[in-house]
Amino acid sequence: MPKKPNLLYVFADQLRYQSVGYAGDTKARTPNIDAFAAQSCNFWNAVSNHPVCAPYRASLFTGKHTSSTGMVINELRLKPNQRCLGHVLTEAGYSTSYIGKWHLYADEFGNHDDPKNGFVPRGPHRLGFDGEWKAFGFNHNHFNGYYYEESPEKKVFPAGTYEPDGQTDLAIDFLKRAAQTPDTPFAMMLSWGPPHDPWNAEDVPARFLELFKDEQFPNPPNYKATNDNPYTDEWGSLKEEERAQLEEWRRVYYAQTACVDWNFGRLLQALEELGLSDDTIVIFTSDHGEMMGAQGRRAKGIFYEEACRIPFLLRWPGRVPVHATDALLSTVDILPTLCGLLDLETPATAEGIDLSAIAKGDDGPQPEAVLLQGTGAIAIWEDGHEWRALRNKQYTYARYLVDGHELLFDHQNDPFELHNLATEPAHAATLERLRTQMADKMASINDTYEPSTFYRDHWVNSERHIIASAKGPFISN
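This report concerns the structure included in the present document. (Residues numbered from 1 in each chain as written. Predicted model: local features only at pLDDT ≥ 70, side-chain atom pairs only at ≥ 80, totals over all residues. Heavy atoms only, no water.)

### Focus on the layout of surface pockets
Considering only enclosed or pocket space, the largest pocket measures out at about 490 Å³ in volume. Of all the secondary structure elements, the ones that give two or more residues to the lining of the largest pocket are α9 (246-273) and α10 (305-308). Per-class residue counts for the lining of the largest pocket are 12 nonpolar, five polar and seven charged. Considering only enclosed or pocket space, the second largest pocket measures out at about 380 Å³ in volume. Taken together, 19 residues make up the lining of the second largest pocket; nearest its centre are Phe138, His196, Asp197, Trp235 and Ile378. (1 Å grid on protein atoms, 1.4 Å probe; cavity = no way out; pocket = protein on both sides within 12 Å on 5 of 7 lines; lining within 4 Å. Points joined across faces, edges and corners; volume = space filled by probe spheres on them. Helix = DSSP H or I, 4+ residues; strand = E, 2+ residues; numbered from the N terminus. Nonpolar A, V, L, I, M, F, W, Y, C, P; charged D, E, K, R; others polar.)

### Regarding the sheet that holds strand β12 (residues 387-391)
The four strands are arranged β11-β12-β13-β14 in an open sheet whose pairing can be described as antiparallel. With one partner strand each, in any of the chains shown, β11 (370-374) and β14 (406-410) form the two edges of the open sheet. Strand-to-strand, the axes of this sheet are offset by a mean angle of 15°, without reference to chain direction. Bridge count between β11 and β12: five bridges; the pairing is antiparallel. Paired with Gln373 across the bridge in β12 is Arg388. Running over the sheet, helix α13 (residues 428-444) touches β11, β12, β13 (395-400) and β14 and is turned about 65° from β13. (Pairing = 2+ DSSP bridges. Axes fitted to C-alpha atoms, helices over the stretch in contact; angles between N-to-C directions. Contact = heavy atoms within 4.5 Å.)

### Section: the sheet that holds strand β2 (residues 41-47)
In space, the eight strands of this open sheet follow the order β4-β3-β7-β1-β8-β9-β2-β10, with mixed pairing throughout. Single-partner strands in this sheet number two, and they are β4 (132-136) and β10 (323-330). Adjacent strand axes in the sheet meet at a mean angle of 15°, parallel and antiparallel pairs treated alike. Docked against the sheet, helix α2 (residues 53-62) engages β1 (6-12), β3 (95-101), β7 (186-191) and β8 (280-286), running at close to 165° with respect to β1. Where α9 meets the sheet, its contacts fall on β1, β7, β8 and β9 (312-315), and the angle it forms with β8 comes to roughly 175°.

### Regarding the pattern of salt bridges
Think of it this way: side chains of opposite charge can pair up when their charged atoms draw near. This model, assessed by the stated rule, comprises 30 salt bridges. The partner of Arg57 in a salt bridge is Asp13, with the nearest N and O atoms 3.9 Å apart. Of this pair, Arg57 sits in helix α2 while Asp13 sits in the loop between β1 and α1 (31-37), and the two are 44 residues apart along the sequence. For Arg57, a relative accessible area of 0% corresponds to the buried category. Through salt bridges with shared partners, a single network forms among Asp13, Arg57, Lys101 and Asp287. (Salt bridge = Lys/Arg side-chain N within 4 Å of Asp/Glu carboxyl O. Buried < 20%, exposed > 50% of the residue type's maximum accessible area, 1.4 Å probe, protein only.)

### Some details on the pairing of β12
Buried residues dominate β12, accounting for five of its five residues. The alternating pattern of β12 places Trp387, Ala389 and Arg391 and Arg388 and Leu390 on opposite faces, both of which are buried. Alignment of β12 against β13, held across five bridges, turns out to be antiparallel. The residue bridging Trp387 from the neighbouring strand is Tyr400, located in β13. Linking two consecutive strands that pair antiparallel, namely β12 and β13, is a turn of three residues.

### As for the packing of aromatic side chains
Per the counting criterion, the structure on display carries 36 aromatic pairs. Ring plane angle 80° and centroid distance 6.1 Å describe the contact between Tyr17 and Tyr22, whose orientation is recorded as edge-to-face. Looking at Tyr22, the relative accessible area reads 19%, which means it is buried. Ring centres 5.9 Å apart and planes at 80° place the aromatic pair Phe43 and Phe312 in the edge-to-face group. With Phe43 in strand β2 and Phe312 in strand β9, this residue pair connects regions lying 269 residues apart in the sequence. By relative accessible area, Phe43 is classed as buried at 1%. Take Phe312: its relative accessible area is 2%, and that puts it in the buried class. We note Lys27 situated over the ring of Phe217; from NZ or CZ to the ring centre the distance is 5.4 Å. Sitting over the face of the ring of Trp262, Arg207 holds its NZ or CZ atom 4.5 Å from the ring centroid. (Phe/Tyr/Trp six-rings, centres within 6.5 Å; stacked < 30°, edge-to-face > 60°. Lys NZ or Arg CZ within 6 Å of the ring centre and 35° of its normal.)

Any link to function would need more than the numbers given here.
Structure below.
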């Protein structure tokens, strides 16, 4: 039996689709990502089902929506007895490596540097990633990077090391060792922190910031000078002094992205030099995007294109042809798609669709529309920010829980989502059709659309450990 292909899954944090060169952004300095796009299947309609760090990761590993994982806000501890990507890979004989941000084990708000929140002990909470472990819960102090291995003692990068540089060094070291055992397939997940904020000049190596010293970053056409009240939470709101910093924030964001691109280039070069490129499926993507003042918001956690739309590039030389597809791909589809590509059995609990046939340039099933979920504030229990949305290839329909306010955007013809069509008679039939589709999709996964404190009171215990979801209570172990 031939050896299964290797898997290298690389994802940045808060990198939006709109801010990479291959997507048309002329300000971006992403030559390595752009060159990779020219060698890959480009899923240019990829979105994050829940554009927040921990909910994305929970969906990535389980193939389930937020309402089915229970990871409704950040800083909760995921219930580990779910069948996940790591289990499938390990049981299939893969040598695994996880490097970078994990964000599924903390059980208190804040206090991120405490090992009790950052160190994940070997065992069920690593969700099947039983091989090499160089991860941490949460850290965005990029010049003070660290990780944990098999004890709560931090492994600190040398002084002056920018965190993604150090993480990429770790990844290349793993690849060198993996190349010595060519009969054993490997699967590595590399989770970089940038371009997640903070976005101050000292939060990126000077040589990357220098690339943008003469570049202007004005407000986008959908910038709003007031916050998106009453719907936005603390993370999505902008203070007046922050609005004055937006242009500089964007400059640093693009500089951080340029650094991510440089490290991605190093990784691809190592694959090539080690003779691993042809046998390795490489994916480059992100967990979600960033609003940066668009629609009166910063941060993520919302259905607008800047927050939910992500790059998703997939390269497998000789097996996946170079092409771009408009097929919808969302977080819950990634696990089934990877299983399809690797010829592994998809967990029965996964809620997404296997798009491996589409990746290979063939006909195959694909979603007609995808469900996006917002289940509260980013990391605190606070009602009033909940929403649901349905996105298809042309439209995004959204509804807020607090007052039933509806929005309908033609994101294909109105990419900045400037015109809410929900009240226009000419779009009444489209509005009703998407309402029905969203209700049907929610019903299919038992998403009853509750206020955030409902989840606190019914799905999470006093220790911020998830004990239930829309599927019912998790078993006790």
